[in-house]
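# Close look at the chain arrangement
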Amino acid sequence: MVQREFDIAVVGGGHAGVEAAYIAAQFDLSVAIITDPSVVISSTPCNPAIGGVGKGQVVREIDALGGLMGKLADLSAIQCRTLNESKGYAVQSTRFQVDKEAYSKNAIDQLSEIDSIRLVSARVVKVNRLKTAGFLLELDDNSDLQVKSLILATGTFSRGITHLGDLVDSGGRFADFSSPSLGQLFPEVKLKTVRFKTGTPPRVASPGVDLKGAIEQKSDSSSLNFHYAHNPSDRFMGQVSCYKLETNSRTLDIIRDNRERSPLFNGQIEGIGPRYCPSIEDKAYRYPEKNIHNVFLEPEGIDGKTFYPNGLSTSLPAEVQRDFISSISGLAQAKIAHYGYAVEYDVIETTQLKPTLEHKDVAALFFAGQINGTSGYEEAAGQGIVAGINAALKVLGRPEFTVDRVRSYIGVMIDDLVTAAKDEPYRLFTARAENRLFIREDNVINRIGPCRLRLELDLPVDNYIKGFLEQYELLFGCIKSYQLSVTRDKGLISSYKIVGNCDGLRLSEAIRQSDLDIIPFLAGFFLSKGIEVARPVVRALAISIKYEGYIKRSERAKGRLEQLGVKKINWQILIEAENISFECKQRIQREKPQTFLQLQRINGIRPATLAYVAGLL
Ligand SMILES: Cc1cc2nc3c(=O)[nH]c(=O)nc-3n(C[C@H](O)[C@H](O)[C@H](O)COP(=O)(O)OP(=O)(O)OC[C@H]3O[C@@H](n4cnc5c(N)ncnc54)[C@H](O)[C@@H]3O)c2cc1C
């Protein structure tokens, strides 16, 4: 007989749902992923890339917590890069372009290996609260399913409406289904919602694409895999290149001439879109003097059949999309495989949620992913893992689990979500984190590995993580005690000799002052002492030591921020300042804050902006 009772049900097989189910099953509970069969598991409806600035850190945090995204990204990667390479190790992030079909297939393979996870192909049409506890879910095949904890991860599908020119259709994605509104899904519960929108570019078929004049970006063999237990630079698929093209005055003229036909600008779309991810229409109308915009052609798969033209998100009519695509040098003969479109959808107002992502008034009901008003696969997966853990703890009657913002980007995101209502789709940026010099990619195992989940929640701790931490602790002490005799070139260290414990420069001080590349420098030191150290450990040690002083300073600055509340500010000066983002300036102009505390309280003002203004006071 088909099983009809589960400990946990996850509605939605996107990045949030999959991550929630994968972690919840690690608590030895039965988990159903109920997902509409029209959408593949872990699909990438927009850019098929995992990671990026701020997001690469989230993928590694998920990985250190025992999640899936890092493994899937490594297994499916077809183009690897380290972003912010020129800006120093502390702010570097990994971004992998993935083969979208391989990514979904790898997710299904990983989930199928777990006996306690069941994939239920159906649509949930109604959720009833049970008198005892838990929920009864009604499915569109007229069956139902009873669960103790429920995680809703329905992405852009709640009352989704797509727009392609004047072609308006219901659907969470183009030509797909639309999920009932949250009011219809939960008739007994009052849930506050907001309407958001997002968009995607047309996909370009590769026959006809001429890449002769394009700038090629090759895959970087030195970028490090996301999953800690994978050999850092192993690649599991062939590697391909991305290509940089540009728009021109003809492209932008076509877009400007069709302003009245853009659903974004003719009043057809009411939902609020992300200002940080502008469509090509936004760029054309907001910057009338600018005609050259970068377009990155990113292959969607190893077969190279289609490209994702990053930078050309649009919902203009199909014929306008054809015209402006063919105006771009290299794409004159290219055909469009799928047209770009925009989607409007309902999201829950997340101030109704606890930091565990459980609803404040409905016990055992959790929300994760784009339904919480975020945008992006990594943000969705990061919430999925927190909701999955807490849904499991709820069933087991154990204390709640939260991740604080001091320790992780996942913590920053969830704190931002539950403390203030959002007026646009939320995406993680490094500027949202107060201590971004601490929450880096390299030290994720130190920050997350030993935290409550795997040790305090009695989940098995991987030997790799144990070994990493042991080696790190041991060598950290050793670096502090060793001393070197150094040679300097124009004041900067150019070579060194170990002098043991007599008068010399401490090794840790040498790393801070070194003009050499600190990672090979430290690796060379260990080699000279005959100590074998794993590459990721050397990396974490070198970067942690290099930035120790900055981190302490930024902690002091944070303390100062808290005392600044009463100080007066001049908002007119701030909206002219170079160091403040366009979005923050818009918010400052709207709210006209008079004191620093008022500025702090404006929804969406970034910690980096606060730090900058604090420096002026
Ligand atoms: C057009 C478009 C453009 C986007 N552009 C960007 C972008 O530029 N940058 C970016 O970072 N992100 C973008 N995204 C967002 C990104 O795709 C999502 O943030 C991410 O996939 C969200 O993951 P999720 O798990 O929350 O939901 P989704 O991946 O949307 O998954 C939702 C799942 O829920 C299932 N489902 C929904 N309702 C029901 C129901 N009633 N019963 C059963 N199953 C149900 C669906 O079948 C699906 O499997 C875009 C998405 C779309 C659709």
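Treat the numbers as computed from the prediction; the structure is a model and nothing was measured.

Turning next to the overall build of the protein chain. For the protein chain, the count of helices and strands is 20 helices and 23 strands. By the compact-globule yardstick of 25 Å for 617 residues, the protein chain fits well, its C-alpha radius of gyration being 25 Å. Projected onto its principal axes, the C-alpha positions of the protein chain cover 80 × 65 × 55 Å. Burial statistics for the protein chain: of 617 residues in total, 57% are counted as buried. For the protein chain, long-range pairs separated by at least 24 residues make up 71% of all intrachain contacts whose partners lie at least 6 apart in sequence. Taking the average location of the 75 positive side-chain charges in the protein chain and that of its 73 negative ones, the two points are 5 Å from each other.

Time to look at the sheet that holds strand 12 (residues 193-200). As summarised here, the arrangement of the 4 strands in space is 11-10-19-12, forming an open sheet in which the pairing is antiparallel. The outermost strands of the open sheet, each flanked by one partner alone, are strand 11 (167-170) and strand 12. Recorded for the sheet is a direction-independent mean angle of 20° between the axes of neighbouring strands. Across 8 bridges, the pairing between strand 12 and strand 19 (residues 341-348) is antiparallel. Within the sheet, the bridge partner assigned to threonine 200 lies in strand 19 and is tyrosine 341.

Here we come to the pattern of salt bridges. Across all of its chains, the model carries 28 salt bridges by this definition. With a closest N to O distance of 2.8 Å, arginine 447 and glutamate 61 form a salt bridge. One end of the pair, arginine 447, is in helix 11 (residues 444-447); the other, glutamate 61, is in helix 2 (residues 55-65), with 386 residues separating them in the sequence. Among the residues examined, arginine 447 registers a relative accessible area of 2% and is labelled buried. Here aspartate 416 makes a salt bridge to arginine 405, at a shortest N to O gap of 2.8 Å. Taken together, the residues aspartate 416 in helix 10 (residues 409-419) and arginine 405 in the loop between helix 9 (377-396) and helix 10 connect sequence positions 11 residues apart. Its relative accessible area of 16% is what places arginine 405 among the buried residues.

Moving on, we get to the environment of glutamine 352. With respect to the element layout, glutamine 352 can be found in the loop between strand 19 and strand 20 (365-367). In this structure glutamine 352 comes out as buried when scored by relative accessible area, which is 13%. Once the C-alpha coordinates of glutamine 352 and valine 124 are considered, the two residues, 228 residues apart in sequence, prove to be 22 Å apart. Once residues lying within four places of it in the same chain are set aside, the contact partners of glutamine 352 are Lys190, Leu191, Lys192, Glu358, His359 and Lys360. A polar contact is formed between the side chain of glutamine 352 and the backbone oxygen of glutamate 349, at a distance of 2.7 Å.

What follows deals with the domain arrangement of the protein chain. Interface size is commonly expressed as the accessible area that is lost once the parts come together. When its domains are assigned, the protein chain resolves into domain 1 (203-340), domain 2 (463-551) and domain 3 (564-616). The straight-line distance from the C-alpha centre of domain 1 to that of domain 3 is 33 Å.

Strand order in the open sheet made by the 3 strands is 3-5-4, with antiparallel pairing throughout. Only two strands of the sheet have a single neighbouring strand rather than two, namely strand 3 (49-51) and strand 4 (77-83). This sheet shows a mean twist of 20° between the axes of neighbouring strands, independent of strand direction. Pairing of strand 3 with strand 5 (residues 93-98) involves 3 bridges; the strand directions are antiparallel. By the bridge assignment for strand 5, glycine 51 is matched with arginine 95. Packed on one face of the sheet, helix 2 meets strand 3 and strand 5 and runs near 75° to strand 3.

Regular strands show a simple pattern: their side chains alternate between the two faces of the sheet. Relative to strand 8 (residues 135-139), strand 7 (residues 124-129) is paired through 5 bridges, and the arrangement is antiparallel. Considered in strand 8, the bridge of valine 124 is made with leucine 139. Remark: 5 residues form the turn of the hairpin made by strand 7 and strand 8, two consecutive strands paired antiparallel; glycine 134 in that turn has positive phi of roughly 90°.

Our next topic: the side chain of lysine 55. Assignment of secondary structure puts lysine 55 in helix 2. On the basis of relative accessibility, which here comes to 10%, the residue lysine 55 falls in the buried class. Once you skip the residues sitting within four places of it in the chain, lysine 55 turns out to touch Ser375, Gly376, Glu378, Glu379 and Arg427.

Turning our eyes to something else, we now look at the packing of aromatic side chains. With the rule as written, the count across this model stands at 9 aromatic pairs. Note on phenylalanine 468 and tyrosine 472: the rings are 6.4 Å apart at their centroids and 10° apart in plane angle, and the pair reads as stacked. Pair noted here: phenylalanine 468 and tyrosine 472 are both in helix 12 (residues 463-481), with a separation of 4 residues, about one helical turn. Owing to a relative accessible area of 8%, tyrosine 472 belongs among the buried residues under this scheme. By way of ring pairs, the aromatic residues Tyr228, Tyr464, Phe468, Tyr472 and Phe476 are connected into one cluster. Lying over the aromatic face of phenylalanine 429, arginine 606 brings its terminal NZ or CZ to 4.4 Å of the ring centre.

What counts, and where the lines are drawn
- Residues numbered from 1 in each chain as written.
- Predicted model: local features only at pLDDT ≥ 70, side-chain atom pairs only at ≥ 80, totals over all residues.
- Heavy atoms only, no water.
- Helix = DSSP H or I, 4+ residues; strand = E, 2+ residues; numbered from the N terminus.
- Rg over C-alpha atoms; globule rule 2.2 N^0.38 Å.
- Buried < 20%, exposed > 50% of the residue type's maximum accessible area, 1.4 Å probe, protein only.
- Contact = heavy atoms within 4.5 Å.
- Lys, Arg positive; Asp, Glu negative; His and termini not counted.
- Charge placed at Lys NZ, Arg CZ, Asp CG, Glu CD.
- Pairing = 2+ DSSP bridges.
- Axes fitted to C-alpha atoms, helices over the stretch in contact; angles between N-to-C directions.
- Salt bridge = Lys/Arg side-chain N within 4 Å of Asp/Glu carboxyl O.
- Polar contact = N/O pair within 3.5 Å; in protein donor to acceptor, adjacent residues only side chain to side chain.
- Domains from an automatic or database assignment.
- Phe/Tyr/Trp six-rings, centres within 6.5 Å; stacked < 30°, edge-to-face > 60°.
- Lys NZ or Arg CZ within 6 Å of the ring centre and 35° of its normal.

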